[in-house]
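Here is what each chain is made of, one letter per residue.
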Amino acid sequence: MNLEEKKNNSPDMDLDEETLLIVSQTFKALSDPTRLRILHLLFQGEHSVNEIAEKLSLLQSTVSHQLRFLKNLRLVKFRREGTSLYYTHDDEHVIDLLKQSIEHASHH
């Protein structure tokens, strides 16, 4: 790793207000068990709102609300097929955080 890469990966790098806000909102998104379940499912593949609701035993309105929250943070994305929307994760970094957190929790 060269000096520039070390600088960019250093936890000591300066954080501007916008970055702090985005990081805070991302952790807020990951702090909710329902959103975690949805992200975990979407990590495994693309699903419609109805599929997510069925697989996670949630109301469709709950799923839609949580997906809107995640979409606004650009953590999920969707594609339209007819009248259906199909969602998938939109940020590999967040999925890596999720995987690492699950691995960490399984060690306890």
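Residues numbered from 1 in each chain as written. Predicted model: local features only at pLDDT ≥ 70, side-chain atom pairs only at ≥ 80, totals over all residues. Heavy atoms only, no water.

Across the chain, the average pLDDT comes to 88, with 88% of residues at or above 70. Mean pLDDT in the chain bottoms out at helix H1 (residues 3–9), which sits at 54, and peaks at strand E1 (residues 47–48), which reaches 98. (pLDDT = per-residue confidence, 0-100. Helix = DSSP H or I, 4+ residues; strand = E, 2+ residues; numbered from the N terminus.)

Of the pairings in the sheet, the one linking E1 to strand E3 (residues 84–89) comprises two bridges and is antiparallel in character. Across the sheet, His47 pairs through a bridge with Tyr87, a residue of E3. Inspection of the sheet shows strand E2 (residues 76–81) paired to E3 by six bridges, in the antiparallel sense. Across the sheet, residue Arg80 finds its bridge partner in E3, namely Leu85. Here E2 hands over to E3 after two residues, with Gly82 in that stretch at a positive phi of 65°. (Pairing = 2+ DSSP bridges.)

What follows is about unusual backbone geometry. Across residues other than glycine, the phi torsion is negative in most instances, and most of the peptide bonds are trans. The backbone phi angle of Ser57 is positive, close to 55°, even though this residue is not glycine. Topologically, Ser57 is positioned in the loop between helix H4 (49–56) and helix H5 (60–72). Classification of Ser57 as exposed rests on a relative accessible area of 67%. The phi dihedral of Arg74 is positive, around 60°, even though this residue is not glycine. Along the chain, the position of Arg74 falls in the loop between H5 and E2. We classify Arg74 as exposed; its relative accessible area is 63%. (Buried < 20%, exposed > 50% of the residue type's maximum accessible area, 1.4 Å probe, protein only.)

Counted at 1.5 Å a residue, the expected span for helix H3 (residues 33–44) with its 12 residues is 16 Å, and the 17 Å between its end C-alpha atoms agrees. By the burial criterion, the buried members of H3 are Arg35, Ile38, Leu39, Leu41 and Leu42. Here the buried residues of H3 occupy an arc of 160° about the axis, which is enough to place them on one side. In H3, those exposed residues whose orientation departs by more than 90 degrees from the buried face are Pro33 and Gln44. At the N-terminal boundary of H3, the capping side chain belongs to Asp32, with an oxygen 3.0 Å from the backbone nitrogen of Thr34. (Expected span 1.5 Å × (residues − 1). Arc of directions from axis to C-beta. Polar contact = N/O pair within 3.5 Å; in protein donor to acceptor, adjacent residues only side chain to side chain.)

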